[in-house]
Amino acid sequence: MNIFALTGAGVSAESGLGTFRDKDGLWTRFDPMKLATPEAFVHNPDEVHAFYNLRRQNLLSAEPNAAHWALARLETGLAERGGSLFLCTQNIDDLHERAGSRQVIHMHGELLKARCTACGGIMPWREDLGTEVLCPSCRRSGGMRPHVVWFGEMPLEMDAIYDALLGADLFVSIGTSGSVYPAAGFVSEARGHGIRTCEINLEPSDNARQFDEGRYGPAGEAVPAWVEQVLTS
Ligand code: BJW
């Protein structure tokens with residue numbers, strides 16, 4: 001079986017990383033238009049850097065949880081059975097990789113990478129960023145930004161994502177509210193091609209009616225239970 005899994009902030013919630021739209025979520029406390037757009041970075045880079053510097057520090061002290069471990073187990077288990085897992089995450093954390101997932105597509109970028117808007121270089125980055133930081137590659141300052149996808153920007157690896165989605169036997173959406181496009185449209189795309197769809201979330205998402213199956217509960221419990229079922233069926 002070939003499974004396409006889309007993960008969102010809910011999969012990392014039990015690792016202590018905040019979600020966006022839940023009660024107390026990041027976008028209920030901060031205005032995304034002032035922090036997660038290219039325009040915000042041009043007009044107020046210090047505020048944008050402070051927001052991502054704090055989140056980078058939080059990430060460095062977070063650990064993967066049972067949902068991340070289970071998805072890594074699923075990748076190995078499906079490969080042993082002649083199948084595959086395509087793991088596409090909207091998350092900018094590296095918790096899937098730290099749990100052992102080998103192939104992860106970060107459609108909204110990676111917090112532990114920086115990108116230079118002057119020369120286009122992309123590099124691993126664990127320290128704070130600021131407008132005074134020099135690009136290690138072109139030595140210019142002012143252009144270093146988190147390698148993440150803001151509103152209005154093109155998500156990454158879309159061709160590979162749609163190829164994998166349309167080649168899957170099952171589309172599973174885990175811990176995402178289904179409110180940000182293009183990811184929110186994957187379920188209807190899958191359904192339109194006759195692919196079975198399943199949602200695993202704390203509670204039914206905005207798109208819940210579009211899924212053939214819904215499994216509800218904390219990801220740290222619901223994902224391992226589902227993976228166990230997939231690998232033993
Ligand atoms: C648990 C749990 C637990 C809690 N266990 N579950 C079409 C229609 C309308 C608008 C648009 C459209 N196309 C484009 C747009 C504009 C825009 C958009 O979608 N806006 C919407 C707000 C309407 N999209 C874009 O601008 C995107 N670019 C684009 O579309 O380019 C053109 C294009 C089109 C087609 C193909 C190709 C290109 C870019 C979007 C970039 C999003 N960026 C962010 C920030 C990234 C950096 C950062 O992290 O700061 O990405 S916004 C934020 O939302 C972040 C997330 O990845 C994303 C999704 O959030 P997610 O993961 O779903 O989190 P939540 O909080 O919403 O939900 C968490 C869920 O978990 C909840 O359901 C909880 O119940 C659950 N949960 N605890 C299990 N323990």
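The model shown is predicted, which means the values in this text are computed figures rather than measured ones.

## Observations concerning the sheet that holds strand S5 (residues 122-124)
Part 1 of the reasoning: Pairing within the open sheet is antiparallel, and its three strands lie in the order S5-S4-S6. Either end of the sheet is taken by a strand with one partner, and the two such strands are S5 and strand S6 (144-148). The mean inter-strand angle of the sheet, taken between neighbouring strand axes irrespective of direction, is 45°.
Part 2 of the reasoning: Sitting on the sheet, helix H4 (residues 45-60) is in contact with strand S4 (109-116) and S6, with an inclination near 135° to S4.

## Looking at the domain arrangement of the protein chain
Part 1 of the reasoning: According to the domain assignment, the protein chain contains domain 1 (1-17 + 64-108 + 154-233) and domain 2 (18-61 + 112-148).
Part 2 of the reasoning: Placing the centre of domain 1 and that of domain 2 at their C-alpha centroids yields a distance of 25 Å.
Part 3 of the reasoning: Between domain 1 and domain 2, roughly 950 Å² of surface is buried when both sides are summed, and carbon and sulfur atoms account for 64% of that area.
Part 4 of the reasoning: On the domain 1 side of the interface with domain 2, the three residues burying the most area are Ala9, Leu17 and Ile92, jointly 47% of the side's total.
Part 5 of the reasoning: Between the two partners, domain 1 and domain 2, sit zero salt bridges.
Part 6 of the reasoning: On the surface where domain 1 and domain 2 come into contact, there are two residue pairs in polar contact (both at pLDDT 80 or more).
Part 7 of the reasoning: Taken together, the residues of the side of domain 1 that touches domain 2 sort by class into seven nonpolar, five polar and three charged.

## Here's the deal with the site of the ligand
Part 1 of the reasoning: Around the ligand sit 36 residues, and of these Phe20, Tyr52, Arg55, Thr176 and Ser177 come closest.
Part 2 of the reasoning: Residue arginine 21 places a side-chain N or O atom 2.7 Å away from an oxygen atom belonging to the ligand.
Part 3 of the reasoning: Glycine 175 has a polar backbone atom sitting 3.3 Å from an oxygen atom of the ligand.
Part 4 of the reasoning: Here the ligand, which alone exposes 1500 Å², has 78% of that area covered by the protein.
Part 5 of the reasoning: Considering only residue class, the shell around the ligand consists of 18 nonpolar, twelve polar and six charged.

## A few points about the packing of aromatic side chains
What describes a pair of aromatic rings is the distance from one ring centre to the other and the angle between the planes of the rings.
Part 1 of the reasoning: One pass over the full model with this rule turns up eleven aromatic pairs.
Part 2 of the reasoning: For the ring pair phenylalanine 20 and tryptophan 27, a centre distance of 5.1 Å and an interplane angle of 45° mean the geometry is tilted.
Part 3 of the reasoning: On the numbers, 6.3 Å between centres and 15° between planes, the contact of phenylalanine 171 with phenylalanine 211 is stacked. With phenylalanine 171 in strand S7 (residues 170-174) and phenylalanine 211 in the loop between strand S8 (196-201) and strand S9 (213-216), the pair connects residues that are 40 residues apart, well separated along the chain. For the pair shown, phenylalanine 171 and phenylalanine 211 are each scored as buried.
Part 4 of the reasoning: An aromatic cluster of three or more residues is present, and its members are Phe20, Trp27, Phe30, Phe41, Phe51, Tyr52 and Trp150.
Part 5 of the reasoning: Over the ring of tryptophan 150 we find arginine 145, and its NZ or CZ is 3.8 Å from the ring centre.

## A look at the side chain of glutamate 75
Part 1 of the reasoning: One can find glutamate 75 in helix H5 (residues 66-80).
Part 2 of the reasoning: Here glutamate 75 occupies a buried position and makes no salt bridge, while the nearest side chain of opposite charge, arginine 102, is found at 4.2 Å.
Part 3 of the reasoning: At 2.7 Å, the side chain of glutamate 75 forms a polar contact with the backbone nitrogen of arginine 102.
Part 4 of the reasoning: Separated by 3.1 Å, the side chain of glutamate 75 and the backbone nitrogen of glutamine 103 make a polar contact.
Part 5 of the reasoning: In this structure, glutamate 75 is in contact with Leu85, Gly100, Ser101, Arg102 and Gln103, ignoring residues within four places of it in sequence.

Rules behind the numbers
- Residues numbered from 1 in each chain as written.
- Predicted model: local features only at pLDDT ≥ 70, side-chain atom pairs only at ≥ 80, totals over all residues.
- Heavy atoms only, no water.
- Pairing = 2+ DSSP bridges.
- Helix = DSSP H or I, 4+ residues; strand = E, 2+ residues; numbered from the N terminus.
- Axes fitted to C-alpha atoms, helices over the stretch in contact; angles between N-to-C directions.
- Contact = heavy atoms within 4.5 Å.
- Domains from an automatic or database assignment.
- Buried area = accessible area lost by both parts, 1.4 Å probe.
- Salt bridge = Lys/Arg side-chain N within 4 Å of Asp/Glu carboxyl O.
- Polar contact = N/O pair within 3.5 Å; in protein donor to acceptor, adjacent residues only side chain to side chain.
- Nonpolar A, V, L, I, M, F, W, Y, C, P; charged D, E, K, R; others polar.
- Near = heavy atom within 4 Å.
- Areas by Shrake-Rupley, 256 points an atom, 1.4 Å probe, with all protein chains shown as cover.
- Phe/Tyr/Trp six-rings, centres within 6.5 Å; stacked < 30°, edge-to-face > 60°.
- Buried < 20%, exposed > 50% of the residue type's maximum accessible area, 1.4 Å probe, protein only.
- Lys NZ or Arg CZ within 6 Å of the ring centre and 35° of its normal.
- Lys, Arg positive; Asp, Glu negative; His and termini not counted.

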